[in-house]
Amino acid sequence: MALDRPRALSGIQPTAGSFHLGNYLGAVRQYVALQETHDAFYMVVDLHAITIPQDPQELRANTRVAVAQLLAAGLDPDRCTLFVQSHVPEHAQLAWVMNCLTGFGEASRMTQFKDKSTKQGADRTTVGLFTYPVLQVADILLYQASQVPVGEDQRQHIELTRDLAERFNSRFGHAFTVPSAHIVKETGKIYDLQDPSIKMSKSASTPKGIISLLDEPKVSAKKIKSAVTDLETVVRFDEESKPGVSNLLTIYATLTGVSIAELERKYEGKGYGALKTDLADVMLDWVAPFRARTQEYLDDPETLDNILAKGAEKARTVAAETLALAYDKVGLLPAKH
């Protein structure tokens, strides 16, 4: 891997089984592009997953499914480092150091924690859920990443990462690269097909509002055809007054590379039915080979595990060096080997 490349790091949750279209267009597609220009580290964040209750067998299966989908989407283990978070114990070790540097108040201000804890209630909300943004800080700082490809909803966590990196560096001496968020504006958010005021997500969307990439293609096509639009008939991009149509145009443009302006011209005078029918076909053409490639990897668990073992070894080489530096800076006594 070329050492002069900027380093990028990102992670994806294994909790949902199938990725949905918002995951792919908002994040995974960028991962594939960045492995060509960056020294890219990508992980399936199973430690983050257990901040809420999980069935152990499902979690293990979903972790493999997530890895298979990342490979099916185009990640190449020879061009990037792909691994499972829990296979690199330095994540949890550095997280403790960063926990001891984080103010209770600043952790309390994380909007994702506030949203999730409100839904779960105080009695069911774990300390892990409260501190998971700090684990995310450790995830990023371990690899000295300069760029972190994330969705818009994670921007606040990147700001926390920057604050803590700067705090550590000023208090103990330089140890960490201060990263920046890498957010592609046009596809930062894909919205729910039934309620285009909210982001497409497993936790917030209804089944009809979310496109799961491993669903039968006909199911996804039906969801696109029944997507909420508005009472007009003009195919025009206007997020304020036409959020449903704008969302469909964004999905279409992102999957095909055709500009939104071109799509507006193409569907001039044709109405929403034509747009939905064509987008459903585009989705079918894209998702069928993706599902087939994912299944090929799942049918060969030995290859999948070998890829992950190789990825964890590469990740630990970098992570162990960063952790040793951080431990030394804060004054922890080194273990004699």
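Where an unreviewed UniProt entry is consulted, the protein appears under the name Tryptophan--tRNA ligase, with the organism given as Streptomyces zagrosensis. According to the UniProt record, the Subcellular location (unreviewed entry) comment for the protein is "Cytoplasm". Quoted straight from UniProt, the Subunit (unreviewed entry) entry for the protein says "Homodimer."

Colleague: Is there a simple way to explain the overall build of the protein in this structure?
Modeller: Scanning the protein from N- to C-terminus turns up 13 helices and five strands. For the protein, the C-alpha radius of gyration of 21 Å lies close to 20 Å, the compact-globule estimate for 337 residues. Considered along the principal axes of its C-alpha atoms, the protein spans approximately 75 × 45 × 40 Å. In the protein, of all internal contacts separated by at least 6 residues, the share reaching a separation of at least 24 is 75%.

Colleague: Is there a simple way to explain the side chain of Ser 212 in this structure?
Modeller: Within the element layout of this structure, Ser 212 appears in the loop between β5 (180-182) and α9 (217-225). Every residue in contact with Ser 212, bar those within four places of it in the chain, is listed here: Ser 18, Phe 19, His 20, Lys 202 and Ser 220.

Colleague: Honestly, the packing of aromatic side chains in this entry has me stumped. Any pointers?
Modeller: How two aromatic rings sit relative to each other is set out by the distance from centre to centre and by the angle between their planes. Counting across every chain of the model gives nine aromatic pairs. Considering the side-chain rings of Phe 83 and Tyr 143, the 5.7 Å spacing of their centres and the 50° angle between planes classify their relative orientation as tilted. Taken together, the positions of Phe 83 in strand β3 (residues 80-84) and Tyr 143 in the loop between α7 (127-141) and β4 (147-149) put the pair 60 residues apart, joining distant regions of the chain. The two residues Phe 83 and Tyr 143 agree in class, both being buried.

Colleague: Explain helix α4 (residues 90-99) here, please?
Modeller: Every α-helix winds through 3.6 residues per turn, so residues three or four apart in the chain are directed the same way. The complete set of buried residues in α4 reads Glu 90, His 91, Leu 94, Ala 95, Val 97 and Met 98. Taken down its axis, α4 places every buried residue within 160° of arc, on the same side. Tucked into the core, α4 has its buried residues touching β2 (39-44), β3, α7, α8 (155-172) and α13 (301-330).

Colleague: When you look at the environment of Leu 284 in this model, what are you seeing that I'm missing?
Modeller: Tracing the backbone through its elements, the reader meets Leu 284 in helix α12 (residues 271-298). A C-alpha to C-alpha distance of 37 Å links Leu 284 and Leu 129, two positions 155 residues apart in sequence.

Colleague: Help me understand the domain arrangement of the protein in this model?
Modeller: It is common to give the size of an interface as the accessible area lost on bringing the parts into contact. Annotation of the protein at the domain level lists domain 1 (7-187 + 301-330) and domain 2 (217-295). Between domain 1 and domain 2, the C-alpha centre-to-centre distance is 31 Å. Tallying the contact residues gives ten residues for domain 1 and nine residues for domain 2. For the pair domain 1 and domain 2, the summed buried area comes to about 850 Å², and 77% of that belongs to carbon and sulfur atoms.

Colleague: Would you mind showing me how to read the layout of surface pockets here?
Modeller: One water molecule sets the probe size; rolling that probe over the atoms shows where empty space is left. The space that makes up the largest pocket amounts to roughly 1,500 Å³. Considering the residues around the largest pocket, the lining is formed by 50 residues, among which Gln 112, Lys 116, Asp 153, Gln 154 and Lys 199 are closest to the centre. At the level of elements, β1 (7-12), α1 (21-37), α2 (46-49), α6 (111-120), α7 and β4 are the ones that each hand at least two residues to the lining of the largest pocket. Residues that form the lining of the largest pocket fall into these classes: 22 nonpolar, 19 polar and nine charged.

Colleague: Explain the nonpolar core here, please?
Modeller: It is characteristic of soluble globular proteins that their nonpolar side chains tend to be buried jointly. Of all hydrophobic cores here, the largest spans 54 residues; its most connected members are Leu 70, Leu 213 and Met 283. Per-element accounting of this core gives the leading share, nine residues, to α12. Domain assignment of the residues forming this core places at least three in each of domain 1 (7-187 + 301-330) and domain 2 (217-295). Here Leu 70 is in contact with Ile 12, Phe 19, Val 28, Tyr 31, Val 44, Leu 75 and Leu 82, once residues within four sequence places are set aside. Counting residues in each nonpolar core, the second largest holds 42 residues, with Val 97, Leu 101, Tyr 132 and Ala 138 among its members.

About the cut-offs
Residues numbered from 1 in each chain as written. Predicted model: local features only at pLDDT ≥ 70, side-chain atom pairs only at ≥ 80, totals over all residues. Heavy atoms only, no water. UniProt positions renumbered as here; feature names shortened; annotations may be inferred. Helix = DSSP H or I, 4+ residues; strand = E, 2+ residues; numbered from the N terminus. Rg over C-alpha atoms; globule rule 2.2 N^0.38 Å. Contact = heavy atoms within 4.5 Å. Phe/Tyr/Trp six-rings, centres within 6.5 Å; stacked < 30°, edge-to-face > 60°. Buried < 20%, exposed > 50% of the residue type's maximum accessible area, 1.4 Å probe, protein only. Arc of directions from axis to C-beta. Domains from an automatic or database assignment. Buried area = accessible area lost by both parts, 1.4 Å probe. 1 Å grid on protein atoms, 1.4 Å probe; cavity = no way out; pocket = protein on both sides within 12 Å on 5 of 7 lines; lining within 4 Å. Points joined across faces, edges and corners; volume = space filled by probe spheres on them. Nonpolar A, V, L, I, M, F, W, Y, C, P; charged D, E, K, R; others polar. Core = buried A, V, L, I, M, F, W, Y, C linked by side-chain atoms within 4.5 Å.

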